Amino acid sequence: MKSVIQKPPETMTAKERVKRTFAFEKTDRVTIGYDTNAAIHHRLCEHLGIANDSFLELYQALGVDYVGISAAYTGEPVYPAIPNRCRNPENGAVTRYIENEYGAYYDFCDFPLKDADSESIASYPFPDPDQYDYDTAINYLQMITDMGFASYVGGPGLADILNVTGMLMGVEDALVNLMTEDEATLEMTDRRINQQLAVTERLLDKAKGLVDFVWMGEDLGTQHSPIISQEMYDRVLRPRHQKFIDLAKAHGLPIIIHTCGSSSWAYETFLSMGMNGVDTLQPEAKNMDPRYLKEHFGGRLCFRGCISTAGPLAYGTAQDVTDVCRRTLETLMPYRGYHFAPTHQIQDNTPVENIIAMYQAAHDFGRY
């Protein structure tokens, strides 16, 4: 393996660093996260001389602090296969493989509940929480803990309502049905949310205190404005999101929420619900600039992200990346509570040298 990322000596473990970050306490350096698409991940591993499937070795090389754990569904398939399509085993969303000049993406298509009747929506099936492999997940958790990593349960798809409903019936039907509180759509949503809640609760119960935080998600903004109103959030989404916050608190864990676009309009509500942090933080979106976030929520919410995957990381030079990372760190670090990470999965059109520059900047400028 090439020694590319130069890391100064550290005085804390990853678990100590993550715990202190959520408490807005001083750490030796910022915590560091990792999110990439498959193609650019492969190129990064190749550059570093690391096997493509050796995620933990890559995390160690970059200085990434935490790893997610999840339980795989192992029961009988709930949804019928569709030729030339990929089907999500936990919600039945359908995607197709589309190549482009940089790599490929799985795009959503063939929405299984598009124009469906109320009975089909209300009875749409989801996996039984009993049919998950919790033991393998806990064994993995123990292994990464022994290796020195912190850990989380969940991710951007946990508790998500708008996106997943759109994946199943199309965005327009999803927004209309949720806004009007269509009985069948809410029944389906509640069964899916409660299924996710049950799986998450079992994982946390079995983890016996080894997990460090919970991660959930709900995209709430375009680049310029909210997707839904505050009133709709409070009426439809809030009580369902609150279940996951309450579960995290019952286990004594902080919780963050992934939410794309211009979403700071919801942050005061998140605070009132007991949310500890927000993820993604696209700096080009309205009211999402690091300075705006610092001035309005610094010291009250932890921030994760803010290194745009649509800015210098993809289109600039390595020096441009270093500069924007340094400025972001200088802005957000004084309030502590900052998790250094890209705004989304790093995209396939990103030069590898820019990714190296990004993570090197975290070690060069992210020290307290």
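Residues numbered from 1 in each chain as written. Predicted model: local features only at pLDDT ≥ 70, side-chain atom pairs only at ≥ 80, totals over all residues. Heavy atoms only, no water.

Q: Account for helix α7 (residues 171–179), naming residues and giving values.
A: Since one α-helical turn is 3.6 residues long, residues separated by three or four positions face the same way. Restricting attention to buried positions, one finds in α7 the residues A174, N177 and L178. Viewed along the axis of α7, the buried residues span an arc of 95°, placing them on a single side of the element. Turning to α7, the residues buried within the fold contact α4 (118–122), α6 (162–169), α8 (183–207) and α9 (230–250). E181, located one to two residues past α7, shows a positive phi value of around 55°. (Buried < 20%, exposed > 50% of the residue type's maximum accessible area, 1.4 Å probe, protein only. Helix = DSSP H or I, 4+ residues; strand = E, 2+ residues; numbered from the N terminus. Arc of directions from axis to C-beta. Contact = heavy atoms within 4.5 Å.)

Q: Explain the packing of helix α2 (residues 38–48) against helix α3 (residues 55–62) to me, using residue names and the numbers behind them.
A: Two elements in contact, α2 and α3, have axes whose closest approach is 11 Å; the angle formed by their N-to-C orientations is 70°. One element, α2, and the other, α3, form an angle in the roughly perpendicular class. Judged by the sense of rotation from one axis to the other, the crossing of α2 with α3 is left-handed. For the pair α2 and α3, the contacting residues are H41, L44, C45 and L48 in the first and F55, L58 and L62 in the second. Taken together, the residues of the contact of α2 with α3 break down into six nonpolar, one polar and no charged. (Axes fitted to C-alpha atoms, helices over the stretch in contact; angles between N-to-C directions. Parallel < 35°, antiparallel > 145°, perpendicular 65-115°, else oblique. Left-handed = near helix turned anticlockwise from the far one by under 90°. Nonpolar A, V, L, I, M, F, W, Y, C, P; charged D, E, K, R; others polar.)

Q: Any chance you could break down the sheet that holds strand β1 (residues 31–32) for me, citing the residues and the numbers?
A: Read from one edge to the other, the open sheet built from eight strands follows the order β1-β13-β12-β11-β10-β9-β8-β2, with strand pairing classed as parallel. Strands at the two margins of the open sheet, each flanked by one partner only, are β1 and β2 (66–69). (Pairing = 2+ DSSP bridges.)

Q: How would you sum up the pairing of strand β5 (residues 94–99)? Please name residues and give values.
A: Here is the key point about a regular strand: its side chains alternate between the two faces of the sheet. In this sheet, β5 lies alongside strand β4 (residues 86–87) in antiparallel orientation, the contact comprising two bridges. For R87, the partnering residue across the bridge sits in β5 and is V94. In sequence, β4 turns back onto β5 through a hairpin of six residues, with G92 there showing a positive phi of about 80°. Two elements, β5 and strand β6 (residues 104–108), share five bridges in a ladder whose sense is antiparallel. Paired with R96 across the bridge in β6 is D107. Between β5 and the antiparallel strand that follows it, β6, lie four residues.

Q: Go over a nonpolar patch on the surface with me, naming the residues and quoting the values.
A: A cluster of nonpolar side chains, namely Y140, M143 and M147, defines an oily patch on the protein surface of about 250 Å² accessible area. Tracing the backbone shows M147 in the loop between α5 (134–146) and β8 (150–154). (Patch = residues over 30% accessible without salt bridge, like charges linked within 9 Å, V, L, I, M, F, W, Y side chains within 5 Å. Areas by Shrake-Rupley, 256 points an atom, 1.4 Å probe, with all protein chains shown as cover. Salt bridge = Lys/Arg side-chain N within 4 Å of Asp/Glu carboxyl O.)

Q: With reference to specific residues and values, describe the packing of aromatic side chains.
A: One pass over the full model with this rule turns up 19 aromatic pairs. Ring pairs connect the aromatic residues Y34, F55, Y59, F149, Y338, F340 and Y359, which therefore count as one cluster. (Phe/Tyr/Trp six-rings, centres within 6.5 Å; stacked < 30°, edge-to-face > 60°.)

Q: Explain the side chain of Q360 to me, and be specific about the residues and the numbers.
A: Looking at where Q360 falls in the secondary structure, it is placed in helix α14 (residues 352–365). Once you skip the residues sitting within four places of it in the chain, Q360 turns out to touch V4, I5 and Q6.

Q: Quick one: what's the story with the pairing of strand β13 (residues 338–342), residue by residue and with numbers?
A: With five of its five residues buried, β13 lies for the most part within the structure. Pairing between β1 and β13: two bridges, direction parallel. Its bridge partner lying in β13, I32 is registered against F340. Of the strand pairs in this sheet, strand β12 (residues 302–307) and β13 are connected by five bridges, and their pairing is parallel. Bridge assignment links I307 to a residue of β13, and that residue is P342.

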